[in-house]
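Reading the structure
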Amino acid sequence: MANQEDKFKKVISHAKEYGYIFQSSEIYDGLSAVYDYAQNGAELKKNIRDYWWQAMVQLNNNIVGIDAAIFMHPTTWKASGHVDAFNDPLIDNKDSKKRYRADVLVEDYVAKIEAKIEKEVTKAAKRFGDSFDKKQFLSTNQRVLDYQAKADRILKRLGKSLENEDLADVKALIEELEIACPLSGSKNWTDVKQFNLMFGTKLGSTAESAMDLYLRPETAQGIFVNFLNVQKTGRMKIPFGIAQTGKAFRNEIVARQFIFRMREFEQMEMQYFIKPGTQKAWYDTWKEKRLNWHLSLGLGEDNYRFHDHEKLAHYADAACDIEFKFPFGFRELEGIHSRTDFDLSNHEKYSGKKLQYFDPEENKSYVPYVLETSIGLDRMFLAVFSNALQEEELENNTTRTVLKLPAVLAPTKVAILPLLKRDGLPEVAEKLVNELKWEFTVAYDEKDAVGRRYRRQDAIGTPFCVTIDHQTLEDDTVTIRYRDTMEQKRIKLNEVGEIVAKEVDMKNWLKKLA
Ligand code: GAP
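These notes cover the structure that comes with them. (Residues numbered from 1 in each chain as written. Predicted model: local features only at pLDDT ≥ 70, side-chain atom pairs only at ≥ 80, totals over all residues. Heavy atoms only, no water.)

What follows covers the overall build of the protein. Scanning the protein for helices and strands turns up 18 helices and 23 strands. Against the 2.2 N^0.38 benchmark of 24 Å for 514 residues, the protein shows a C-alpha radius of gyration of 26 Å, consistent with a compact globule. For the protein, the C-alpha atoms occupy an extent of roughly 75 × 60 × 55 Å along the three principal directions. The buried share among the 514 residues of the protein stands at 49%. Contacts spanning at least 24 positions in sequence make up 65% of the contacts within the protein whose residues lie at least 6 apart. Each charge sign in the protein was given a centre, from 76 positive and 80 negative side chains, and these centres are 2 Å apart. (Helix = DSSP H or I, 4+ residues; strand = E, 2+ residues; numbered from the N terminus. Rg over C-alpha atoms; globule rule 2.2 N^0.38 Å. Buried < 20%, exposed > 50% of the residue type's maximum accessible area, 1.4 Å probe, protein only. Contact = heavy atoms within 4.5 Å. Lys, Arg positive; Asp, Glu negative; His and termini not counted. Charge placed at Lys NZ, Arg CZ, Asp CG, Glu CD.)

Tracing the backbone shows Lys171 in helix α8 (residues 167-176). Lys171 sits in the buried class, given a relative accessible area of 16%. Along the chain, Lys171 and Gln58 lie 113 residues apart, while their C-alpha atoms are 48 Å from each other. Not counting the four nearest positions on each side in its chain, Lys171 is found in contact with Ile91, Trp189, Thr190, Asp191 and Val192.

Another aspect to go through is the site of the ligand. The immediate surroundings of the ligand are formed by 22 residues, with Glu218, Arg250, Met262, Glu269 and Glu332 found nearest. The backbone of Leu333 places a nitrogen or oxygen atom 2.8 Å from an oxygen atom of the ligand. Considered on its own, the ligand offers 560 Å² of accessible surface; in the complex 94% of this is hidden by protein. At the level of elements, β10 (264-274), β13 (329-340) and β16 (369-376) are the ones that each hand at least two residues to the shell around the ligand. In the shell around the ligand, the residues fall into seven nonpolar, five polar and ten charged. (Near = heavy atom within 4 Å. Polar contact = N/O pair within 3.5 Å; in protein donor to acceptor, adjacent residues only side chain to side chain. Areas by Shrake-Rupley, 256 points an atom, 1.4 Å probe, with all protein chains shown as cover. Nonpolar A, V, L, I, M, F, W, Y, C, P; charged D, E, K, R; others polar.)

It is worth spelling out the sheet that holds strand β12 (residues 318-326) at this point. Paired through their backbone hydrogen bonds, the strands of a sheet run either parallel or antiparallel. Taken in spatial order, the seven strands of this open sheet run β3-β9-β10-β16-β13-β12-β11, and their pairing is mixed. Of all strands in the sheet, those bounded by a partner on one side alone are β3 (63-66) and β11 (304-308). Here the strands of the sheet are splayed against their neighbours by 25 degrees on average, with no regard to which way each runs. Bridge count for strand β9 (residues 240-249) against β10 is ten bridges, and the pairing is antiparallel. Bridge pairing in β10 places Gln244 opposite Glu269. The strands that helix α13 (residues 377-388) touches are β10, β12, β13 and β16; relative to β16, the one it contacts most, it runs at about 45 degrees. (Pairing = 2+ DSSP bridges. Axes fitted to C-alpha atoms, helices over the stretch in contact; angles between N-to-C directions.)

For the rest of this paragraph, the subject is a positive patch on the surface. A surface patch of positive charge is lined by Lys116, Lys119, Lys150 and Arg153. Summarising the element assignment, Arg153 is placed in helix α7 (residues 142-163). Of the residues examined, Arg153 reaches a relative accessible area of 55% and is grouped as exposed. (Patch = residues over 30% accessible without salt bridge, like charges linked within 9 Å, V, L, I, M, F, W, Y side chains within 5 Å. Salt bridge = Lys/Arg side-chain N within 4 Å of Asp/Glu carboxyl O.)

A few words on the pattern of salt bridges. Opposite charge on two side chains makes pairing possible when the charged atoms of those side chains draw close. For the coordinates displayed, the defined rule picks out 41 salt bridges. Across the salt bridge formed by Arg400 and Asp458, the nearest N and O atoms sit 2.9 Å from each other. Highlighted residues: Arg400 in strand β18 (residues 399-403) and Asp458 in helix α15 (residues 450-460), separated in sequence by 58 residues. What emerges from the salt-bridge pattern is a single network uniting Glu392, Arg400, Lys404, Asp458 and Arg481.

Shown next, in the form of structure tokens:
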């Protein structure tokens, strides 16, 4: 656990030191659970967004993208169920006066059980060496099986109590597990109460005429209310999808773990409109498609797992998460939800407008069912960034810090480094920058010894460095250095663009999805 905490602290400090993420309004001591993306962070975030958008919209003829407003008519949130049901179960510790999400307290308890399983695995792997079979160990070791059964039992009970709104049982569970306040160590808890997560605001210039609004807690509703507009103007035929990326806001109580749980965050959502009755097949299809998207980035197959929801959201008939192994354990990265016709039917009811599709094959109109994929852009950022950050022991007994970002997502693709600040080398380097900048984000760095410059680019995650030296002036060759292997090669100056393009071009990565 201590190791995980150390790793996570390093992620946060590296993000700040290398211009990825700053605390919002830091000069005023920051604002809790709100963050700003800095010069490199904004590029990485944009690249992740583009990678999602291209995979969704560009590669699927039947998916189109929109950009709906954050403000929506307040009845939207009545119809969507968020006014009545978008709640978190909260519990206060009477001694520390700290407020917690009751479900998160229980989930953290389960995470500790899972950490014990991991510990058993690590010990056994050491004991058995090369002959260790993790799958077999997990399914046969009695201690591990007992831990797993306990974790499953707890989560099942939590899910059931939340589903039945049995908040007294959630409190009973916390007491039975003897969960203590992480701050005070006290087990003196209040009852569990529900708390609505939407931020309210007002529209209008005078107090009398002002209208109560909410900042959207999910981007999905902007898609639902535009469903018929898009279907008609785009002449879309079912099945078809509408995708969107944009900000969402939630008054999270347990807003911690850096950008994992924020109050202002960005979602990338896609609603797939389908024929009623086909939802199970589309649910399986989108589970597979979304996992493939993740795997195409090469963060490691073992870092993902599916988790079926015990407690279904108010709109779903089936739901699961794709969980990722963050530095603090497996947590939700993306949700895949079979939302039935809940949203469209309710918008019909509250607006009095028909939101139906005429199916020419069936020769009848119906309210489509919806399959949703929903991923937090900031969470994806954290997954990519924390996975990439590595400390490597080098042969000469030194270490290097390297950010092994997938090249397609790296903020800067190539750094051009003149070996010296004289003899015409900067001029050649600048010429190369000016050629490459039409295709890639390029950095130019002439300060410090070249070894230090390499390390700086390693820490930022730049996949390639190209050094211009005196030999370049003689034979038009340069040294290209690969971030991950630190291999250096002599190549022709006019080959640089092609070599970099091959590794960073989005289409080469997206082809893995075919
Ligand atoms: N439209 C469905 C929906 O919003 P959700 O499971 O509440 O479902 C979807 O959220 C995704 O949004 C999550 O899987 C997560 O990646 C991201 N997300 C949710 N709350 C977040 C928060 N407070 N901070 C950062 N990301 C969040």
